[in-house]
Amino acid sequence: MENVNRLHKNQTTDMRLMATDMVMDTNHQKNNTLYTLLQKRSHWVFFALSLVSALPLLYLFWKFGEAGFGYDIGIYRHFAIEYFKEILNAKINPFAFSSFSNFVFFLGDSLNSFLIGWYILLSIFTAYTFAVLVRKMTNSPRVAYFAMLLFSTSILQLEFFTGFYYRNILALFLMLITLLLLEYKTSFATLPLLVLSAIHP
(Lines give C-alpha, C1' and ligand atoms only; values in the text may rest on other atoms or scores of the structure.)
Protein backbone atom coordinates (compact mmCIF):
# COMPACT_ATOMS: atom_id res chain seq x y z
CA MET A 1 0.00 0.00 0.00
CA GLU A 2 2.85 2.36 0.88
CA ASN A 3 4.51 1.61 -2.44
CA VAL A 4 1.30 2.45 -4.28
CA ASN A 5 1.00 5.78 -2.43
CA ARG A 6 4.65 6.56 -3.08
CA LEU A 7 4.21 5.76 -6.77
CA HIS A 8 1.12 7.95 -6.89
CA LYS A 9 3.01 10.87 -5.28
CA ASN A 10 5.89 10.48 -7.72
CA GLN A 11 3.50 10.49 -10.67
CA THR A 12 1.77 13.60 -9.30
CA THR A 13 5.10 15.35 -8.83
CA ASP A 14 6.20 14.44 -12.34
CA MET A 15 2.95 15.75 -13.77
CA ARG A 16 3.35 19.02 -11.86
CA LEU A 17 6.92 19.40 -13.14
CA MET A 18 5.77 18.72 -16.70
CA ALA A 19 2.99 21.30 -16.36
CA THR A 20 5.45 23.83 -14.95
CA ASP A 21 7.85 23.21 -17.84
CA MET A 22 5.03 23.62 -20.34
CA VAL A 23 3.99 26.93 -18.78
CA MET A 24 7.59 28.17 -18.74
CA ASP A 25 8.09 27.15 -22.37
CA THR A 26 4.87 28.88 -23.36
CA ASN A 27 5.87 32.07 -21.57
CA HIS A 28 9.32 31.90 -23.13
CA GLN A 29 7.82 31.52 -26.58
CA LYS A 30 5.46 34.43 -25.94
CA ASN A 31 8.35 36.62 -24.78
CA ASN A 32 10.41 35.65 -27.82
CA THR A 33 7.46 36.34 -30.11
CA LEU A 34 6.86 39.75 -28.52
CA TYR A 35 10.55 40.64 -28.69
CA THR A 36 10.76 39.55 -32.33
CA LEU A 37 7.63 41.51 -33.17
CA LEU A 38 8.94 44.65 -31.47
CA GLN A 39 12.28 44.24 -33.17
CA LYS A 40 10.81 43.80 -36.64
CA ARG A 41 8.21 46.52 -36.17
CA SER A 42 10.43 48.91 -34.21
CA HIS A 43 9.98 51.73 -36.72
CA TRP A 44 6.22 51.62 -36.24
CA VAL A 45 6.68 51.63 -32.47
CA PHE A 46 9.03 54.61 -32.78
CA PHE A 47 6.46 56.44 -34.87
CA ALA A 48 3.69 55.68 -32.36
CA LEU A 49 5.84 56.97 -29.48
CA SER A 50 6.66 60.06 -31.53
CA LEU A 51 2.95 60.75 -31.87
CA VAL A 52 2.60 60.36 -28.10
CA SER A 53 5.37 62.92 -27.57
CA ALA A 54 3.35 65.44 -29.62
CA LEU A 55 0.18 65.04 -27.54
CA PRO A 56 1.09 67.88 -25.11
CA LEU A 57 1.49 70.26 -28.06
CA LEU A 58 -1.88 69.23 -29.49
CA TYR A 59 -3.48 69.65 -26.08
CA LEU A 60 -2.02 73.15 -25.65
CA PHE A 61 -3.30 74.23 -29.05
CA TRP A 62 -6.73 72.69 -28.41
CA LYS A 63 -6.99 74.28 -24.95
CA PHE A 64 -5.42 77.70 -25.46
CA GLY A 65 -4.92 78.16 -29.19
CA GLU A 66 -1.75 80.00 -30.26
CA ALA A 67 -1.55 81.62 -26.80
CA GLY A 68 -0.47 78.25 -25.41
CA PHE A 69 2.89 78.64 -27.17
CA GLY A 70 3.82 81.97 -25.62
CA TYR A 71 4.85 85.20 -27.32
CA ASP A 72 7.51 83.67 -29.59
CA ILE A 73 4.85 82.46 -31.98
CA GLY A 74 3.95 86.12 -32.63
CA ILE A 75 7.57 86.88 -33.52
CA TYR A 76 7.68 84.01 -36.03
CA ARG A 77 4.32 85.11 -37.44
CA HIS A 78 5.67 88.62 -38.04
CA PHE A 79 8.94 87.51 -39.63
CA ALA A 80 7.29 84.87 -41.82
CA ILE A 81 4.81 87.38 -43.26
CA GLU A 82 7.29 90.21 -43.75
CA TYR A 83 10.00 88.13 -45.40
CA PHE A 84 7.50 86.49 -47.75
CA LYS A 85 6.11 89.88 -48.78
CA GLU A 86 9.61 91.19 -49.49
CA ILE A 87 10.99 88.02 -51.03
CA LEU A 88 12.09 89.86 -54.21
CA ASN A 89 13.44 92.89 -52.37
CA ALA A 90 17.24 92.78 -52.59
CA LYS A 91 17.57 95.38 -49.83
CA ILE A 92 16.21 93.00 -47.19
CA ASN A 93 18.97 91.26 -45.26
CA PRO A 94 18.78 87.49 -45.76
CA PHE A 95 17.45 85.36 -42.93
CA ALA A 96 18.03 81.65 -43.49
CA PHE A 97 14.96 80.52 -41.55
CA SER A 98 12.75 82.56 -43.90
CA SER A 99 13.81 80.22 -46.70
CA PHE A 100 12.01 77.44 -44.86
CA SER A 101 8.88 79.51 -44.27
CA ASN A 102 8.90 80.74 -47.88
CA PHE A 103 9.21 77.15 -49.09
CA VAL A 104 6.13 76.18 -47.05
CA PHE A 105 4.18 79.14 -48.43
CA PHE A 106 5.18 78.26 -52.00
CA LEU A 107 3.68 74.81 -51.39
CA GLY A 108 0.37 76.60 -50.89
CA ASP A 109 0.14 76.24 -47.13
CA SER A 110 -1.28 78.98 -44.95
CA LEU A 111 0.47 80.90 -42.22
CA ASN A 112 -1.44 79.04 -39.50
CA SER A 113 -0.45 75.74 -41.06
CA PHE A 114 3.19 76.82 -41.04
CA LEU A 115 3.09 77.99 -37.43
CA ILE A 116 1.17 75.07 -35.91
CA GLY A 117 0.89 72.14 -38.32
CA TRP A 118 4.46 72.13 -39.56
CA TYR A 119 5.82 72.78 -36.07
CA ILE A 120 4.02 69.76 -34.63
CA LEU A 121 4.97 67.64 -37.64
CA LEU A 122 8.60 68.69 -37.25
CA SER A 123 8.46 67.79 -33.54
CA ILE A 124 7.14 64.32 -34.39
CA PHE A 125 9.85 63.63 -36.95
CA THR A 126 12.52 64.95 -34.58
CA ALA A 127 11.45 62.43 -31.93
CA TYR A 128 11.30 59.65 -34.54
CA THR A 129 14.77 60.46 -35.87
CA PHE A 130 16.10 60.48 -32.31
CA ALA A 131 14.78 56.94 -31.73
CA VAL A 132 16.19 55.64 -35.02
CA LEU A 133 19.58 57.19 -34.22
CA VAL A 134 19.69 55.59 -30.75
CA ARG A 135 18.84 52.20 -32.22
CA LYS A 136 21.52 52.58 -34.88
CA MET A 137 24.16 53.60 -32.32
CA THR A 138 23.29 50.92 -29.74
CA ASN A 139 21.94 48.21 -32.05
CA SER A 140 19.24 47.63 -29.45
CA PRO A 141 15.53 48.36 -29.92
CA ARG A 142 15.03 48.07 -26.14
CA VAL A 143 17.51 50.86 -25.45
CA ALA A 144 15.84 52.96 -28.14
CA TYR A 145 12.41 52.34 -26.60
CA PHE A 146 13.67 53.38 -23.18
CA ALA A 147 15.40 56.48 -24.58
CA MET A 148 12.24 57.37 -26.45
CA LEU A 149 10.19 56.95 -23.28
CA LEU A 150 12.50 59.36 -21.44
CA PHE A 151 12.40 61.78 -24.35
CA SER A 152 8.60 61.74 -24.57
CA THR A 153 8.04 62.26 -20.84
CA SER A 154 10.86 64.72 -20.16
CA ILE A 155 9.79 67.98 -18.51
CA LEU A 156 12.70 69.72 -20.25
CA GLN A 157 11.49 68.44 -23.62
CA LEU A 158 7.96 69.64 -22.87
CA GLU A 159 9.17 73.09 -21.84
CA PHE A 160 11.37 73.25 -24.93
CA PHE A 161 8.60 72.42 -27.40
CA THR A 162 5.92 74.52 -25.70
CA GLY A 163 8.30 77.49 -25.74
CA PHE A 164 7.93 77.49 -29.52
CA TYR A 165 11.62 77.52 -30.31
CA TYR A 166 10.85 76.90 -33.98
CA ARG A 167 14.32 77.60 -35.31
CA ASN A 168 15.88 75.49 -32.56
CA ILE A 169 13.66 72.47 -33.21
CA LEU A 170 14.41 72.69 -36.94
CA ALA A 171 18.12 72.84 -36.13
CA LEU A 172 17.79 69.88 -33.74
CA PHE A 173 16.06 67.84 -36.44
CA LEU A 174 18.83 68.64 -38.95
CA MET A 175 21.50 67.79 -36.38
CA LEU A 176 19.92 64.38 -35.68
CA ILE A 177 19.65 63.73 -39.44
CA THR A 178 23.33 64.62 -39.80
CA LEU A 179 24.37 62.25 -37.00
CA LEU A 180 22.21 59.48 -38.44
CA LEU A 181 23.76 59.87 -41.88
CA LEU A 182 27.21 59.84 -40.29
CA GLU A 183 26.33 56.54 -38.64
CA TYR A 184 25.55 55.20 -42.11
CA LYS A 185 28.90 56.62 -43.28
CA THR A 186 27.49 58.58 -46.21
CA SER A 187 28.78 61.84 -47.64
CA PHE A 188 25.20 63.14 -47.80
CA ALA A 189 25.64 64.09 -44.13
CA THR A 190 27.15 67.37 -45.30
CA LEU A 191 23.84 68.53 -46.81
CA PRO A 192 21.73 68.83 -43.62
CA LEU A 193 24.85 70.11 -41.85
CA LEU A 194 25.15 73.01 -44.30
CA VAL A 195 21.46 73.87 -43.91
CA LEU A 196 21.84 73.61 -40.13
CA SER A 197 24.79 76.02 -40.09
CA ALA A 198 22.80 78.52 -42.14
CA ILE A 199 19.58 78.30 -40.11
CA HIS A 200 21.11 78.21 -36.64
CA PRO A 201 24.82 79.21 -36.74
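This text goes with the structure placed above it.
Draft legend 1. Structural detail: helix α7 (residues 141–153). A rise of 1.5 Å per residue sets the reference length of α7, with its 13 residues, at 18 Å; its end C-alpha atoms lie 18 Å apart and thus fit the reference within 8%. Here α7 has its buried residues at P141, A144, Y145, A147, M148, F151 and S152. Down the axis of α7, the smallest arc covering the buried residues is 165°, so these residues share one side. Summarising the geometry of α7, the exposed residues directed more than 90 degrees from the buried face are R142, F146 and T153.

Draft legend 2. Representation of the side chain of T129. Among the secondary structure elements, T129 is positioned in helix α6 (residues 111–138). According to the relative accessible area criterion, T129 is buried, its value standing at 5%. Within the local environment of T129, its side chain forms a polar contact with the backbone oxygen of F125, the two atoms lying 2.7 Å apart. Residues in contact with T129, not counting those within four places in the same chain, are F173, L176, I177 and L180.

Draft legend 3. Summary view of the packing of aromatic side chains. Counted according to the given criterion, the structure contains eleven aromatic pairs. Where Y76 meets Y166, the ring centres are 5.7 Å apart and the plane angle is 50°; that geometry is what we call tilted. One end of the pair, Y76, is in helix α4 (residues 72–85); the other, Y166, is in helix α9 (residues 166–183), and 90 residues separate them in sequence. Since its relative accessible area comes to 14%, Y76 is described here as buried. Taken together, the ring pairs in this structure connect Y76, F100, F105, F114, W118, Y119 and Y166 into an aromatic cluster.

Here is what the cut-offs are and how they apply
- Residues numbered from 1 in each chain as written.
- Predicted model: local features only at pLDDT ≥ 70, side-chain atom pairs only at ≥ 80, totals over all residues.
- Heavy atoms only, no water.
- Helix = DSSP H or I, 4+ residues; strand = E, 2+ residues; numbered from the N terminus.
- Expected span 1.5 Å × (residues − 1).
- Buried < 20%, exposed > 50% of the residue type's maximum accessible area, 1.4 Å probe, protein only.
- Arc of directions from axis to C-beta.
- Polar contact = N/O pair within 3.5 Å; in protein donor to acceptor, adjacent residues only side chain to side chain.
- Contact = heavy atoms within 4.5 Å.
- Phe/Tyr/Trp six-rings, centres within 6.5 Å; stacked < 30°, edge-to-face > 60°.

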